[in-house]
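# Topology and contacts: notes
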Amino acid sequence: MRGIVKRFPGVVANAGVDFDLLPGEIHALLGENGAGKTTLMNVLYGLYEPDAGEIWLYGKRVSFASPRDAIASGLGMVHQHFMLIPPFTVAENIILGQRSPREPLLEDRSSVYERLLALSERYGLAIQPDAEVWTLSVGEQQRVEILKALYRGAEVLILDEPTAVLTPQEVEELLAILHRLVDEGKSIIFISHKLDEVLAASDRITVLRDGKVVDTVDASATNKKALARMMVGREVVLRVSKKPANPREPRLIVRELRANSDRGLPALRGVSFEVRAGEIFGIAGVAGNGQSELEEVIAGLRRATAGQVIICDKDTTNCSPREVGQAGLAHIPSDRYRRGLLKDFSVADNLVLQRVSSPPFTVHGVLRRDVIRQEAQRLVREFDVRTPSVDTPAGKLSGGNAQKMILARELARNPRVLLAAQPTRGLDVSAIEYVHRRLIEQRDAGLAILLISTELEEILTLSDRIGVMYEGEIVGVVDAREANINEIGLMMTGSKRQGDDVKEGAA
Amino acid sequence: MNWSLILQWSFLIALVTAGIRLAVPVVLAVLGEIITERSGVLNLGLEGVMIMGSVAGFLTAYYLENGPMASAGGEWSAWLALLAGMLSGVAMGLIMAVLSVTLRADQVISGVTLVVLGHGLAAYFYRQAFSSLTARVSGMEALPIPLLSRIPVVGEILFNHDPTVYITALMVVAVWFLLFRTTWGLRIRSVGENPAAAETSGVNVGLVRYSATLLGTALAGLGGAVLTVVQLRLFREGITAGRGWIAVALVIFARWRPGLALVGALLFGLADALQYRIQALSQVERGVGAIPYEFLLMLPYIMTILALLYRSGRADAPAALGRPYVKGAD
């Protein structure tokens with residue numbers, strides 16, 4: 001790919017990018033969110049048309065008008081959000097869009113199954129062709145995606161953030177599969193913003209920043225620190241340091257909590273734990289094991305069917321979000337744009353959202369715009385929210401700045417307990433660093449923090465104690481200092497419970 | 001009113017036979033809407049499509065029977081009229097597809113627009129053609145199936161109908177086969193569930209949605225034409241009487257499956273047939289105890305609402321139903 005330029009209204013996503021892939025190599029594309037990695041690959045895959053630049057494949061200039069053309073030329077893409085049809089079987093997903101040998105009828109099932117099993121054998125991708133996709137785990141779904149590409153004769157595989165949704169064990173399996181594919185002569189483009197994996201997986205690494213290539217380096221000739229510097233453009237603290245915790249009285253107590261999911265199935269099956277002042281209690285787990293239901297029940301957004309939530313000695317079970325807030329809970333919601341802010345409201349209005357109806361912001365039922373703006377300006381300064389003005393609609397902020405704004409608002413309420421759900425999801429390295437520093441700072445100041453995150457790395461960095469959630473239960477609580485990533489990983493997949501054959505009483 | 005009349009064999013046989021016949025336009029429309037909705041397009045304009053089918057069909061039949069080509073058209077006039085009904089459905093479908101697929105307009109609004117447009121156009125065309133309201137067409141002869149129609153009871157109920165009834169029965173199987181046994185069906189269903197995934201798999205989302213919308217409205221137009229050309233043999237403004245809306249509701253009852261669509265439409269047809277008969281009986285014995293006919297007219301609609309309630313709260317709808325697909329937007 002030479003000199004690729006792709007503009008969107010208001011931004012240049014790719015500003016003259018050069019990229020090359022050798023046969024039989026794993027080439028990583030590294031960069032922060034918004035650096036243009038995914039755009040570049042969507043251009044290559046025919047989803048976007050480039051505004052300038054050329055694509056050459058095996059010495060021939062090509063241009064793809066649609067993914068169909070790209071597939072025909074031997075490209076295959078595994079998207080970050082899987083491109084699968086959940087109610088379809090594995091086999092149906094794989095033959096979708098393909099010509100059938102007995103058009104217009106669908107191909108005979110047994111012959112499809114046969115070919116799928118042969119492929120999965122050859123590349124070590126275990127799957128069941130007649131399973132419906134929605135019943136599969138995330139790792140299995142990813143294998144279906146890879147298989148789908150191979151079935152279409154892909155020689156070049158593009159994997160967009162393939163590890164973002166996987167458990168540590170699944171990541172290892174994936175890397176093994178990738179190496180096997182390369183051994184069989186395939187080439188792989190691996191998109192990621194995680195430094196460890198990029199170093200472990202790839203032969204060469206191209207770093208993108210602000211739509212431009214910073215450099216292309218051999219994986220063996222670089223290290224984490226150098227990559228981080230290239231990616232962000234300055235020195236980055238990768239792991240926020242922290243002092244030992246000094247926990248005091250319990251502030252949030254959850255007892256035998258039960259609740260149902262949106263589909264009416266049990267999502268929490270008797271969850272108990274407590275979070276003390278001056279500590280961060282992390283909840284680890286693969287997405288969809290009851291974390292979002294737990295978050296919602298504590299925040300007063302979902303009914304508990306049994307059990308208790310106690311915040312600062314007050315029973316807040318099934319109280320309204322307002323009452324829960326008055327009891328001392330601040331909440332950083334996992335769904336930032338749906339629950340965390342009002343996109344069309346100004347930054348100032350968002351910053352005083354919960355406090356707006358009481359003095360000094362409202363006096364005798366009349367809003368005091370000047371006071372609100374002053375408070376907003378103070379918070380914007382203090383929390384380094386980069387915004388043109390406090391009157392800018394919150395929806396215009398970047399993810400990192402939106403999250404800083406939410407953090408500012410929640411901490412300005414002087415909470416006793418902070419519920420931080422996926423606080424760095426989708427943020428880039430420097431914003432993550434900022435949020436992490438703030439959380440530790442608040443912990444040291446005596447706040448009780450419940451951290452819910454599917455990023456194991458984040459849980460390990462920040463938490464003092466770690467509870468592992470699996471299928472709506474806490475299957476183990478471990479002390480972060482003694483935490484073993486493999487053990488936690490096994491608990492996350494349900495293949496191990498605390499006390500199975502490990503030491504008891506880590507908590 | 002003498003209720004014992006209702007419980008006589010001959011009455012029941014006539015009732016079920018008529019119920020099947022009355023179900024035909026609705027079955028066709030539901031089948032069409034199932035195809036359309038399976039592709040992710042929610043066409044609420046079915047009522048407008050059906051009334052256009054009914055007026056196009058009726059006018060075609062009338063001119064073939066009474067116009068200058070009367071002698072040439074002859075026995076084929078009803079068939080050509082049904083074809084005209086289908087084509088007018090396709091024309092309406094094209095409007096829906098342009099609005100909702102190409103222009104990505106809100107599908108609820110596009111659909112409602114189609115209803116208003118259909119009613120207005122149908123009335124306009126009919127009034128242009130006739131000043132009086134007494135025009136009639138000759139319809140289709142019944143076509144008893146040899147041997148089978150002579151089976152007692154069953155033969156009378158199932159095998160002594162006009163050809164559109166048999167065609168509709170075959171259509172139920174054909175639509176099921178299309179959706180679940182052909183590559184095109186797989187594409188339709190994939191586009192209705194996750195168009196982005198379908199596109200990355202090499203499916204042309206726009207083309208599939210166009211074809212599913214047009215095929216769906218062709219069937220609905222055919223349903224409208226069957227109503228005026230074959231069954232009632234006349235046209236009135238608003239003659240479809242909400243059958244298009246009923247069809248939209250029955251799609252939910254049928255959980256987007258052709259087989260269940262047949263069940264739902266038969267329930268509607270039976271209720272419709274029953275209310276006609278009770279009305280007729282009440283006429284005979286006008287007086288105390290007669291049910292006001294307005295209440296009887298409601299019967300099939302109430303049946304439909306009850307059927308819907310029984311089904312409510314189930315999540316079987318295509319995941320992308322009603323959502324326009326924007327390329328590249330997640």
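Residues numbered from 1 in each chain as written. Chains lettered and ligands numbered in written order. Predicted model: local features only at pLDDT ≥ 70, side-chain atom pairs only at ≥ 80, totals over all residues. Heavy atoms only, no water.

When helices and strands are counted, chain A shows 17 helices and 22 strands. Taken over C-alpha atoms, the radius of gyration comes to 25 Å for chain A, in line with the 23 Å a tight globule of 507 residues would show. Every one of the 507 residues in chain A was classed for burial, and the buried ones make up 55%. Surface exposure of chain A reaches about 22200 Å², of which carbon and sulfur atoms provide 48%. Counting 64 positive and 69 negative side-chain charges, chain A places the centres of these two groups 6 Å from one another. (Helix = DSSP H or I, 4+ residues; strand = E, 2+ residues; numbered from the N terminus. Rg over C-alpha atoms; globule rule 2.2 N^0.38 Å. Buried < 20%, exposed > 50% of the residue type's maximum accessible area, 1.4 Å probe, protein only. Areas by Shrake-Rupley, 256 points an atom, 1.4 Å probe, with all protein chains shown as cover. Lys, Arg positive; Asp, Glu negative; His and termini not counted. Charge placed at Lys NZ, Arg CZ, Asp CG, Glu CD.)

Residues and elements named next belong to chain A. Read across the sheet, 6 strands follow the order β16-β19-β20-β13-β21-β22 without closing on themselves; strand pairing throughout is mixed. Bordering the open sheet on either side are β16 (329-332) and β22 (473-479), each of which pairs with just one other strand. Across the sheet, the mean angle from the axis of one strand to that of its neighbour is 20°, orientation sign disregarded. Sheet topology places strand β19 (residues 417-421) next to strand β20 (residues 448-452); 5 bridges connect them, and they run parallel. (Pairing = 2+ DSSP bridges. Axes fitted to C-alpha atoms, helices over the stretch in contact; angles between N-to-C directions.)

Further remarks concern a nonpolar patch on the surface. Residues and elements named next belong to chain B. Taken together, the side chains of Trp9, Leu12, Leu148, Ile151, Val153, Val154 and Leu158 make up a nonpolar region of the molecular surface, amounting to roughly 590 Å² of accessible area. Only α1 (9-38) and α6 (154-158) provide two or more residues apiece to the nonpolar patch. You can see Leu12 is positioned in helix α1. (Patch = residues over 30% accessible without salt bridge, like charges linked within 9 Å, V, L, I, M, F, W, Y side chains within 5 Å. Salt bridge = Lys/Arg side-chain N within 4 Å of Asp/Glu carboxyl O.)

Relative to the helices and strands, A:Gln142 resides in helix α5 (residues 138-151). Reaching out from A:Gln142, the side chain makes a polar contact with the backbone oxygen of A:Pro162 at a distance of 2.7 Å. (Polar contact = N/O pair within 3.5 Å; in protein donor to acceptor, adjacent residues only side chain to side chain.)

Residues and elements named next belong to chain B. Given a rise of 1.5 Å per residue, 30 residues ought to cover 44 Å, and the 41 Å separating the end C-alpha atoms of α1 matches this to within 8%. Maximal helix bending in α1 amounts to about 40°, located at Val24; proline Pro25 follows within four positions. The buried fraction of α1 is high, at 24 of 30 residues. Of the residues flanking the end of α1, it is Gly40, one or two places downstream, whose phi is positive at about 95°. (Expected span 1.5 Å × (residues − 1). Bend = angle between axes of the 7 residues up to and from the residue.)

We now examine the sheet that holds strand β7 (residues 156-160) of chain A. Residues and elements named next belong to chain A. Pairing is mixed across the open sheet formed by 6 strands, whose spatial order is β6-β7-β8-β3-β9-β10. For this open sheet the edge positions go to β6 (75-78) and β10 (212-218), each flanked by a neighbour on one side alone. Adjacent strand axes in the sheet meet at a mean angle of 20° when their direction is disregarded. Sheet topology note: the strand β3 (residues 26-31)/strand β8 (residues 187-192) ladder contains 5 bridges and is parallel. When the bridges of β8 are listed, Ile26 appears paired with Ile188. Each of β3, β7 and β8 touches helix α6 (residues 168-183); the most contacted strand, β8, lies at about 150° to it. Of the strands in this sheet, β3, β9 (204-209) and β10 are in contact with helix α8 (residues 224-232), which crosses β9 at around 30°. (Contact = heavy atoms within 4.5 Å.)

With 23 residues of chain B in contact, the opposing surface of chain A contributes 29 residues. When the area that chain B buries against chain A is broken down by residue, the three leading residues are B:Leu186, B:Thr200 and B:Ser201, summing to 28%. Counting across the chain B and chain A interface gives 1 salt bridge. With a shortest N-O distance of 3.8 Å, A:Glu92 and B:Arg189 are connected by a salt bridge. (Buried area = accessible area lost by both parts, 1.4 Å probe.)

As a further point, take the domain arrangement of chain A. Split into domains, chain A comes out as domain 1 (2-232), domain 2 (237-328 + 415-507) and domain 3 (343-412). For domain 1 of chain A and domain 3 of chain A, the distance between their C-alpha centres works out to 41 Å. (Domains from an automatic or database assignment.)

Note that A:Gln128 resides in the loop between α4 (109-123) and α5. In the structure, A:Gln128 is positioned 12 residues away from A:Leu116 in sequence and 8.9 Å away in space, judged by C-alpha atoms.

It is worth spelling out the confidence of the model for chain B at this point. Any segment with low pLDDT has predicted coordinates that should not be analysed in fine detail. Residue and element names in this part refer to chain B. With 90% of its residues at a pLDDT of at least 70, chain B reaches an overall mean of 88. Model confidence for chain B, summarised as mean pLDDT per element, is weakest for helix α3 (residues 70-73) at 59 and strongest for helix α10 (residues 205-232) at 96. Both scores are available for the predicted complex, with the pTM at 0.74 and the ipTM at 0.82. (pLDDT = per-residue confidence, 0-100.)

A few words on unusual backbone geometry. Residue and element names in this part refer to chain A. Residue Pro104 is reached from Glu103 by a cis peptide bond, and omega for that bond is 0°. Here Pro104 shows up in the loop between α3 (90-95) and α4. Residue Pro360 follows Pro359 across a cis peptide bond; omega there is 5°. Phi at Glu256 is positive, roughly 45°, even though this residue is not glycine. Within the fold, Glu256 resides in strand β11 (residues 250-260). Unusually for a residue other than glycine, Asp384 sits at a positive phi of about 55°. One can find Asp384 in the loop between α13 (369-382) and α14 (399-412).

Per the counting criterion, the structure on display carries 11 aromatic pairs over all chains. Here B:Tyr126 and B:Phe130 contribute two aromatic rings whose centre-to-centre distance is 5.0 Å and whose plane-to-plane angle is 50°, an arrangement assigned as tilted. Residues B:Tyr126 and B:Phe130 agree in their burial class; the two are buried. The cationic tip of A:Lys404 hangs over the ring face of A:Tyr434; the distance from NZ or CZ to the ring centre is 4.7 Å. In this structure, A:Arg438 packs its charged tip against the face of A:Phe383, placed 4.0 Å from the ring centre. (Phe/Tyr/Trp six-rings, centres within 6.5 Å; stacked < 30°, edge-to-face > 60°. Lys NZ or Arg CZ within 6 Å of the ring centre and 35° of its normal.)

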